[in-house]
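These are the residues of each chain, in order.
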Amino acid sequence: MSKLDTLLVHGANDKVSYAREVNVPIYLTATFEQKSFEDHTGYGYARGNNPTRESLEYLIKELEGGKRAFAFASGMAATSAALSLFSAGDKVLVAGMVYGGTYGVLKSVFAGFGLRFELVELDRAEDLVPHITEDVKGIFFETPVNPTLKVNDIRGIVKIAKEHSLLTIVDNTFMSPFAQRPLELGVDVVVESATKYLGGHSDIIAGIAAVNDEQLGERLHMIQALQGGILQPFDAYQLIRSIKTLGVRVRQQTHNAYEIAKYLETDPAVKIVHYPGLESDPGYELQRSQADSAGAMLSFELDDQYCPAKFLDSLHIFTLGASLGGVESLIGHPATTSHRGIPEEDRAKFGISDLLIRVSPGIEDTEELIADLAQALRLAKK
Ligand SMILES: Cc1ncc(COP(=O)(O)O)c(C=O)c1O
C-alpha cells in the first residue's frame, strides 16, 4: 500500500482494534489501567499516548515519508515544539518570510528564553551562507512562502545546512504531504498547520510535526508530552476522516488555483500574480523539481488604481477570512491579518504590500469563482 491515494484512505493503522472497526475509534480516556504492578499495555497516561492520536500520527508518518510524527493542538503548538529543540544562545535563520504567528512566537516567546532569529531575504540558497555565524544552529523556512508564494530551494538549503550541521525545519502548510514531502529531500523536521489542507473543512485547529530520525523523534515526543499541547482524540478522528479526501480536494483546488491565476494575469486591475504553477513565475522550474504540483495557494497585487477593501467587500462566493485550505474559497489581506504583527519595514522588504491579496480557492465551480473575482475587480476602481 505505497501509493499516496490508497494510503490516504487506509493508512491510519488501528493498533488496538477490538471489533475490527472500519474506522478508528475515538478513545475518550485520560488514563489506562495497568495489567499489574509490573505489566502494562504500553499506554500509560493519555497526554503521552492515546490510540486515536497514535493512529493519526502513524498515518502522518507514512504520508510524510518519515519515521515518527506527532499531532498537536494547533499548527502553532507544532511549530513551538519544533523550536523547543533549540537552546538559549542559539540563533535560527528564517529563510524568506514566514507566517506572522511563527514570527510572533519567535519574537515574543522564544526570544525571552534566549533563542534569537534573523529574517534572511534570499533569492538562492547560497544567500544564507554569509549569515551563518558560530551561534546559528538552525534554518526555518516555508516553501512556497506565505503569502508571497516565493519558492525556496529545499535541496539547496538542506545541502548548506548539512555542511554547517544546522537543523532544518520546514513549514509545509501551503503544500500538505499530498503535494510536497520535505523529509524525503533531507529536511530534519516538517511542521504543518493541519487546520488547513489536512483538515480541509475549516472546522478544526490542529498541527503536526514529523521527522525522519528516531532520536529526534524521541526528543519531539518528550517535548510534546511535557509541554502538553496534544491533539484531542475527537479532533484526531476528524483529521483521519478528512485526510481520506485530501487527494480529491487538493486536485480540484489546484485546478481552480491554476485557472484563477491564468485569469488574473489577464485582468487590467491586477499588477502581478504570484503562483508557481504559471510558467511566467520565477519559481516555476524549482517548484516542479521539488514538489508534485504547484499547490493551490496564490496571491496577487492590485494595480494602485484599485482599492483592496472595495474588492474584498464586493465578493459573493469567496469568504473574507484569515485561513486557507478549506473546501470553501477563502480570501485575505495579509498586511492587516496573518502578517500584521510583522514590522512594516520587514513587510515591505519581503513583498507584503497593502495591495497584496492572498487567495485560497476551494472546490467550487471554476467558472463561478473566476466570475466572482472579475465582478469584484470591476467594482474596486478608486
Ligand atoms: C503557513 C502557516 N503556518 C502555521 C500556521 C499556524 O497554524 P494554526 O493556526 O493551526 O496554529 C498558519 C496559520 O495560518 C499558517 O498559515
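Source: prediction; values computed, not measured.

Draft legend 1. Just the overall build of the protein chain, in detail. When its secondary structure is counted, the protein chain shows 13 helices and twelve strands. For the protein chain, the C-alpha radius of gyration of 21 Å lies close to 21 Å, the compact-globule estimate for 382 residues. Looking at the protein chain residue by residue over its 382 residues, the buried ones come to 48%. Here the contacts in the protein chain between residues at least 6 apart in sequence split such that 74% fall between residues at least 24 apart.

Draft legend 2. Structural view of the domain arrangement of the protein chain. Domain annotation of the protein chain identifies domain 1 (4-243) and domain 2 (247-378). One C-alpha centre belongs to domain 1, the other to domain 2, and the line joining them spans 26 Å. At the interface, 33 residues of domain 1 touch 36 residues of domain 2. Broken down by secondary-structure element, the contributors of at least two residues to the side of domain 1 that touches domain 2 are helix H1 (4-10), helix H4 (100-108), helix H5 (154-163) and helix H6 (176-179). Taken together, the residues that form the side of domain 1 that touches domain 2 break down as 17 nonpolar, ten polar and six charged.

Draft legend 3. The site of the ligand, seen in detail. For the ligand, the set of nearby residues contains 14 residues, the closest of which are Ser74, Gly75, Tyr99, Ser193 and Thr195. Here the shell around the ligand is built from residues that sort into three nonpolar, nine polar and two charged.

Draft legend 4. Broad picture of the packing of helix H9 (residues 246-266) against helix H13 (residues 366-378). Put simply, H9 and H13 touch, their axes get as near as 10 Å, and they point 40° apart. Regarding H9 and H13, the two cross each other, and that crossing is right-handed. Counting all contacts with H9, which are made through His255, Asn256, Glu259, Ile260 and Tyr263, the residues of H13 involved are Thr366, Leu369, Ile370 and Leu373. Grouping the amino acids of the contact of H9 with H13 by side-chain chemistry returns five nonpolar, three polar and one charged.

Draft legend 5. Structural detail: the nonpolar core. Among the nonpolar cores identified, the biggest contains 100 residues, and Phe72, Ile157, Ile208, Ala209 and Leu298 are the most heavily contacted of them. Each of domain 1 (4-243) and domain 2 (247-378) contributes no fewer than three residues to this core. For Ile208, the contacting residues outside a window of four places in its chain are Ile60, Ala69, Phe70, Ala71, Phe72, Ala78, Glu192 and Ala194.

Draft legend 6. Representation of the sheet that holds strand E12 (residues 356-360) in the model. Strand order in the open sheet formed by five strands is E8-E9-E12-E11-E10, and the pairing between neighbours is mixed. The sheet is open, and its two edges are formed by strand E8 (270-274) and strand E10 (319-320), each paired on a single side. Two elements, E10 and strand E11 (residues 330-332), share two bridges in a ladder whose sense is parallel. Each bridged residue has a counterpart across the sheet, and for Leu320 the counterpart in E11 is Ile331.

Draft legend 7. Geometry of the environment of Glu126. With respect to the helices and strands, Glu126 occurs in the loop between strand E3 (116-120) and strand E4 (136-142). Placed 149 residues apart in sequence, Glu126 and Tyr275 show a C-alpha to C-alpha distance of 23 Å.

Draft legend 8. Expanded view of the packing of helix H2 (residues 51-64) against helix H8 (residues 233-243). Running from amino to carboxyl end, H2 crosses H8 at an angle of 35°, the nearest separation of the two axes being 8 Å. As for the relative orientation of H2 and H8, their crossing is left-handed in sense. Contacts between H2 and H8 involve Thr52, Arg53, Ser55, Leu56 and Leu59 from the former and Pro233, Ala236, Tyr237, Leu239, Ile240 and Ile243 from the latter. Along the lines of polarity and charge, the residues of the contact of H2 with H8 split into eight nonpolar, two polar and one charged.

Draft legend 9. Seen up close, H13. Taking 1.5 Å of rise per residue, the 13 residues of H13 would be expected to cover 18 Å, and the 19 Å separating its terminal C-alpha atoms lies within 8% of that figure. Every buried residue of H13 is listed here: Leu369, Leu373, Ala376 and Leu377. Viewed end-on, H13 has its buried residues packed into an arc of 105°, placing them on one side of the element. Along H13, exposed side chains directed more than 90 degrees from the buried face belong to Glu367 and Glu368. Residues of H13 that are buried sit in contact with H9 and helix H11 (308-313).

Draft legend 10. Spatial organisation of H4. Listing the buried residues of H4 in full gives Gly100, Thr102 and Leu106. Projected down its long axis, H4 shows its buried positions confined to an angular sector of 160°, all on one face. On the buried face of H4, the contacting elements are helix H3 (75-83), E3 and strand E5 (167-171).

Draft legend 11. View of the pairing of E12. The buried fraction of E12 is high, at five of five residues. Residues Leu356, Arg358 and Ser360 of E12 are buried on one face, and the alternating residues Ile357 and Val359, pointing to the opposite face, are buried as well. Both strand E9 (residues 298-302) and E12 contribute to a ladder of four bridges, which runs antiparallel. Bridge pairing in E12 links Leu298 to Val359. Note: E11 against E12, three bridges, orientation antiparallel. Its bridge partner lying in E12, Leu330 is registered against Ser360.

Draft legend 12. Summary view of the environment of Ala257. Take Ala257: it is sitting in helix H9. For Ala257, a count of 25 C-beta atoms within 10 Å translates into the label buried.

Draft legend 13. Highlighting the environment of Phe37. In this fold, Phe37 is placed in the loop between H1 and H2. Distance in space between the C-alpha atoms of Phe37 and Ile357 is 60 Å, their sequence separation being 320 residues.

Quick notes on the rules
- Counting of residues starts from 1 at the beginning of each chain's written sequence and follows it residue by residue.
- Selection of residues for local features in this predicted model requires a pLDDT of at least 70, selection of side-chain atom pairs for listing and counting requires 80 or more, and totals for whole chains, interfaces and linings are taken over all residues.
- For helices the rule is a DSSP run of H or I covering at least 4 residues; for strands it is a run of E covering at least 2, with both sets numbered from the N terminus onward.
- Radius of gyration: C-alpha atoms only; globule rule: 2.2 Å multiplied by the number of residues to the exponent 0.38.
- Three exposure classes are used. Buried residues have 20 or more other C-beta atoms within 10 Å of their own C-beta, exposed residues have 12 or fewer, and partly exposed residues fall in between, all C-beta atoms being placed from the backbone.
- We call two residues in contact when the distance between their C-beta atoms, placed using the backbone, is within 7 Å.
- Each domain's extent is set by a domain assignment, obtained either automatically or from a database.
- Any residue outside Ala, Val, Leu, Ile, Met, Phe, Trp, Tyr, Cys, Pro, Asp, Glu, Lys and Arg is labelled polar, Gly included; the first ten of those are nonpolar and the last four are charged.
- Any residue whose C-beta atom, as placed from the backbone, lies within 6 Å of a molecule or strand is termed near it.
- For helices, the fitted line uses only the C-alpha atoms of the stretch in contact; every axis is such a line through C-alpha atoms, and the angle between N-to-C directions lies from 0 to 180 degrees.
- Left-handed describes a crossing whose near helix is turned anticlockwise from the far helix through less than a right angle; right-handed describes the clockwise counterpart.
- Any set of buried Ala, Val, Leu, Ile, Met, Phe, Trp, Tyr and Cys residues joined through C-beta atoms within 7 Å is what this text calls a nonpolar core.
- One bridge is not enough; two strands pair if DSSP finds at least two bridges between them.
- How far a helix is expected to stretch is found by multiplying one less than its residue total by 1.5 Å.
- The directions considered for the arc are those from the helix axis to the C-beta atoms.

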